[in-house]
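Observations on the model geometry
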Amino acid sequence: MTTKDIMNLDCREEESKEIIQKVLRQIKPLSRYSDECEIPFEAIEKAIVVMVKKYNLRVAEFMPDVRSNEEHVIWRAMLINDTNYKMIEMVYGITLYEVFAKTAIRLYAEVKKGISKRS
């Protein structure tokens, strides 16, 4: 499954939640969590902070959109490459947990591609 496929998962479905959890466990600081429990929100938040501080990455915003869907708030995160200030991707989710999880996964994909470290 590609990172793009993961970004398009609907986490209202149990199978999608399980895939997200499995992929999150591939990120080094999150790999210590067992398969039996959901990775805590705070751990995902910390992984994002570490990646943003260590690499030329930025999360420009976490923003709710309350008007685009009558049943749910649609959360979004804008990811920026700090080397050239170009947008990497806009990440979407129904819950704040989902958008943070997908943000961590997308940032980790940039790290694995070899984005430069901060000087």
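The model shown is predicted, which means the values in this text are computed figures rather than measured ones.

Here is what the cut-offs are and how they apply
- Residues numbered from 1 in each chain as written.
- Predicted model: local features only at pLDDT ≥ 70, side-chain atom pairs only at ≥ 80, totals over all residues.
- Heavy atoms only, no water.
- Helix = DSSP H or I, 4+ residues; strand = E, 2+ residues; numbered from the N terminus.
- Expected span 1.5 Å × (residues − 1).
- Buried < 20%, exposed > 50% of the residue type's maximum accessible area, 1.4 Å probe, protein only.
- Arc of directions from axis to C-beta.
- Contact = heavy atoms within 4.5 Å.
- 1 Å grid on protein atoms, 1.4 Å probe; cavity = no way out; pocket = protein on both sides within 12 Å on 5 of 7 lines; lining within 4 Å.
- Points joined across faces, edges and corners; volume = space filled by probe spheres on them.
- Nonpolar A, V, L, I, M, F, W, Y, C, P; charged D, E, K, R; others polar.

Another point: helix H4 (residues 96-113). One turn of the α-helix equals 3.6 residues, which is why residues spaced by three or four share an orientation. The end-to-end C-alpha distance of H4, which contains 18 residues, comes to 26 Å, matching closely the 26 Å that a straight helix rising 1.5 Å per residue would cover. The buried fraction of H4 amounts to 14 of the 18 residues, a majority that puts the element mostly inside the structure. Two residues or fewer after H4 comes Gly 114, characterised by a positive phi angle close to 105°.

Next up on the list: helix H3 (residues 41-54). If you check H3, its first and last C-alpha atoms are 20 Å apart, about what 14 residues at 1.5 Å a residue would give, namely 20 Å. Within H3, the full set of buried residues consists of Ala 43, Ile 44, Ala 47, Ile 48 and Met 51. Down the axis, H3 shows its buried residues gathered within 140° of arc, on one side only. H3 presents Glu 42, Lys 46 and Lys 53 as exposed residues on the side facing more than 90 degrees away from its buried surface. Contact partners of the buried residues in H3: helix H2 (14-24), strand E1 (57-65) and H4.

On to the layout of surface pockets. Each pocket or cavity is described by its volume, and for the largest pocket that value is around 260 Å³. Broken down by secondary-structure element, the contributors of at least two residues to the lining of the largest pocket are H2 and H4. Across the lining of the largest pocket, the residue classes tally to six nonpolar, two polar and 10 charged. A volume near 180 Å³ is recorded for the second largest pocket. Taken together, Met 1, Thr 3, Ile 6, Ile 19, Lys 22, Val 23, Gln 26, Ile 27, Ile 105, Tyr 108 and Ala 109 make up the full set of residues lining the second largest pocket. Sorting the residues of the lining of the second largest pocket by element identifies helix H1 (3-7), H2 and H4 as the ones contributing at least two each. Here the lining of the second largest pocket is composed, by residue class, of eight nonpolar, two polar and one charged.

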